[in-house]
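# Close look at the chain arrangement
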Amino acid sequence: LGQRGKKEEQTRASFDYQWKEIPEGQDLPSNPAFINNVDKQICELTQLPKEWFEGKNVIDVGCGIGRYSYGLLSLGAHVTSCDQSLSALQRVKDLCAPFKNRSETMTINLLNDTLPKEQYDLAWCFGVVHHTGNTYLAIKNVCNAVKNGGKVFFMIYGFPENTDDFIELISLIVC
């Protein structure tokens, strides 16, 4: 493996461990206050009414253990939950079992452009692209999964640490 491949593997292994071994927390499905209100949080963050989601095809990119997949399903969407972690995807299947007729999972590598093209009304990507090592490419790949006229929601955190990171952010604004 090259340096990039090693970093990708390290990131995958880290999140796989996290989702397998640390399944509880304040903003996770184990907290009734969170899981019972995640649908409302999604509506607030996207500024879309709950009625908008009914019957829509949504992809949850980097879904982790499915906390937002569950909320999107609760709103009536058909949801494809994607992650590189097999442990996470198993937890998604368990959590979202009540919605199994509208829920599917998919293993992805966001930098290898493995997402289906132009199939979704909404791509939801919460706290993911900045972990990939190539934020711009990850964002581009997520956007390619959305239908013409569809919507994309990203939550990205962190602050650029070097000049190359600032250049990447500037190129996102220019594009």
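Going by the structure above, here's the rest.
Analysis parameters
- Residues numbered from 1 in each chain as written.
- Predicted model: local features only at pLDDT ≥ 70, side-chain atom pairs only at ≥ 80, totals over all residues.
- Heavy atoms only, no water.
- Helix = DSSP H or I, 4+ residues; strand = E, 2+ residues; numbered from the N terminus.
- Buried < 20%, exposed > 50% of the residue type's maximum accessible area, 1.4 Å probe, protein only.
- Contact = heavy atoms within 4.5 Å.
- Areas by Shrake-Rupley, 256 points an atom, 1.4 Å probe, with all protein chains shown as cover.
- Core = buried A, V, L, I, M, F, W, Y, C linked by side-chain atoms within 4.5 Å.
- Salt bridge = Lys/Arg side-chain N within 4 Å of Asp/Glu carboxyl O.
- Polar contact = N/O pair within 3.5 Å; in protein donor to acceptor, adjacent residues only side chain to side chain.
- Pairing = 2+ DSSP bridges.
- Axes fitted to C-alpha atoms, helices over the stretch in contact; angles between N-to-C directions.

Time to look at the overall build of the protein chain. Helices and strands together make up the secondary structure of the protein chain, namely eight helices and five strands. Each helix (α) and strand (β) of the protein chain, taken in turn from the N terminus, gives the series α-α-α-α-β-α-β-α-β-β-α-β-α. Every one of the 175 residues in the protein chain was classed for burial, and the buried ones make up 41%. Across the protein chain, contacts joining residues at least 24 apart in sequence account for 65% of those joining residues at least 6 apart. Put simply, the protein chain shows about 9800 Å² of open surface, and 50% of that area lies on carbon and sulfur atoms.

Among the nonpolar cores identified, the biggest contains 24 residues, and Ile-42, Phe-53, Tyr-68, Leu-72 and Trp-124 are the most heavily contacted of them. Elements that contribute at least two residues to this core include exactly helix H2 (32–35), helix H3 (38–46), helix H4 (50–53), helix H5 (67–74), helix H6 (86–95) and strand S4 (120–126). With 18 residues, the next largest nonpolar core counts Met-106, Leu-111, Val-128 and Val-129 among its residues.

Moving on, we come to the pattern of salt bridges. Applying the stated rule across the entire model yields two salt bridges. Asp-39 is the partner of Lys-40 in a salt bridge, and the nearest nitrogen-oxygen pair spans 4.0 Å. Close ionic contact of Asp-121 with Lys-147 constitutes a salt bridge, the shortest N to O distance being 3.3 Å. Pair noted here: Asp-121 is in strand S4 and Lys-147 is in strand S5 (residues 146–155), with a separation of 26 residues, a long-range link. The class for Lys-147 is partly exposed, based on a relative accessible area of 32%.

Let us look at H6. By the burial criterion, the buried members of H6 are Ser-87, Ala-88, Leu-89 and Val-92. Among the residues of H6, the N-terminal cap falls to Ser-85, whose side-chain oxygen and the backbone nitrogen of Ser-87 are separated by 3.4 Å.

So, on to the sheet that holds strand S2 (residues 78–83). Note on sheets: strands pair through backbone hydrogen bonds, and any given pair is parallel or antiparallel. Read from one edge to the other, the open sheet built from five strands follows the order S3-S2-S1-S4-S5, with strand pairing classed as parallel. Strand pairing shows two members of the sheet lacking a second neighbour, strand S3 (103–107) and S5, which therefore form its edges. The average undirected angle you get between the axes of adjacent strands in this sheet is 20 degrees. As judged from the five bridges shared by S2 and S3, these two strands associate in the parallel manner. The residue of S3 that forms the bridge with Asp-83 is Thr-107. Together, strand S1 (57–61), S2, S3 and S4 form the strand contacts of H5, whose direction differs from that of S4 by roughly 150 degrees. Across the sheet, H6 touches S2 and S3, and the angle it forms with S3 is around 175 degrees.

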